[in-house]
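# Summary of the model geometry
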Amino acid sequence: MTQPQYKPLIDQYPSGDDPRLPTAIRDVKAFWLSVNTNEVLIMKTGGFYHMGLVFERSTTASNAYELLFREERRDVPDRLLYTLPVSTNAPIEPR
């Protein structure tokens, strides 16, 4: 979300089908989204018990992002679903 075309979304709460979002995020069909420079929080459920996905810079690996499953209850640890290594020579903007 640090690429120039996503900067207008930073610190916003776009709808899950906002056309400015990357397709991979729109395809999740989020109930609610929060976007900032360090993470994208994708809530899948509302009501009394929230759960969703967090896509953030890795805290354990340099040059990587992690997709985590997070539940509202803080006594339940986040579950790592996927680690996405980032190439150091990746383009800043899509082609």
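### Remarks on the overall build of the protein
Tallying secondary structure elements over the protein gives 1 helix and 5 strands in all. For the protein, the succession of helices and strands along the chain, N to C, is α-β-β-β-β-β. Here the protein, with 95 residues, has 31% of them falling under the buried criterion. Expressed as a percentage of contacts within the protein between residues at least 6 apart in sequence, the contacts between residues at least 24 apart total 16%. Surface exposure of the protein reaches about 6600 Å², of which carbon and sulfur atoms provide 56%.

### Quick look at the nonpolar core
The biggest cluster of nonpolar side chains holds 12 residues, and these are Tyr 6, Leu 9, Ile 10, Leu 21, Ile 25, Ala 30, Leu 33, Val 35, Val 40, Ile 42, Leu 53 and Phe 69. Broken down by secondary-structure element, the contributors of at least two residues to this core are strand S1 (32-35) and strand S2 (39-43). In this structure, Leu 53 is in contact with Val 28, Val 40, Leu 41, Ile 42, Leu 67, Leu 68, Phe 69 and Leu 81, ignoring residues within four places of it in sequence.

### A short note on a nonpolar patch on the surface
On the surface, Tyr 13, Phe 31 and Trp 32 cluster together into a nonpolar patch covering about 380 Å² of accessible area. In this fold, Trp 32 is placed in strand S1.

### Describing the sheet that holds strand S4 (residues 64-71)
Strand order in the open sheet formed by 5 strands is S1-S2-S3-S4-S5, and the pairing between neighbours is antiparallel. Among the strands making up the open sheet, the edge pair consists of S1 and strand S5 (79-85). Strand after strand, the sheet turns through a mean of 15° between neighbouring axes, direction not considered. Relative to S2, S1 is paired through 4 bridges, and the arrangement is antiparallel. Across the sheet, residue Trp 32 finds its bridge partner in S2, namely Met 43.

### A few points about the environment of Arg 79
Mapped onto the fold, Arg 79 is located in strand S5. Sequence spacing of Arg 79 and Phe 69 is 10 residues, and the spatial spacing of their C-alpha atoms is 5.1 Å. Once residues within four sequence positions are removed from consideration, Arg 79 is found in contact with Leu 67, Leu 68, Phe 69 and Glu 71.

### So, the packing of aromatic side chains
For any pair of aromatic rings, the description consists of the separation of the ring centres together with the inter-plane angle of the planes. Under the counting rule described, the total for this entry stands at 2 aromatic pairs. Residues Phe 55 and Tyr 65 carry aromatic rings whose centres are separated by 5.4 Å and whose planes lie at 15° to one another, so their mutual orientation is stacked. Taken as a pair, Phe 55 in strand S3 (residues 51-57) and Tyr 65 in strand S4 lie far apart in primary sequence, 10 residues in all. Assessed through its relative accessible area of 29%, Phe 55 is described here as partly exposed.

Calculation criteria
- Residues numbered from 1 in each chain as written.
- Predicted model: local features only at pLDDT ≥ 70, side-chain atom pairs only at ≥ 80, totals over all residues.
- Heavy atoms only, no water.
- Helix = DSSP H or I, 4+ residues; strand = E, 2+ residues; numbered from the N terminus.
- Buried < 20%, exposed > 50% of the residue type's maximum accessible area, 1.4 Å probe, protein only.
- Contact = heavy atoms within 4.5 Å.
- Areas by Shrake-Rupley, 256 points an atom, 1.4 Å probe, with all protein chains shown as cover.
- Core = buried A, V, L, I, M, F, W, Y, C linked by side-chain atoms within 4.5 Å.
- Patch = residues over 30% accessible without salt bridge, like charges linked within 9 Å, V, L, I, M, F, W, Y side chains within 5 Å.
- Salt bridge = Lys/Arg side-chain N within 4 Å of Asp/Glu carboxyl O.
- Pairing = 2+ DSSP bridges.
- Axes fitted to C-alpha atoms, helices over the stretch in contact; angles between N-to-C directions.
- Phe/Tyr/Trp six-rings, centres within 6.5 Å; stacked < 30°, edge-to-face > 60°.

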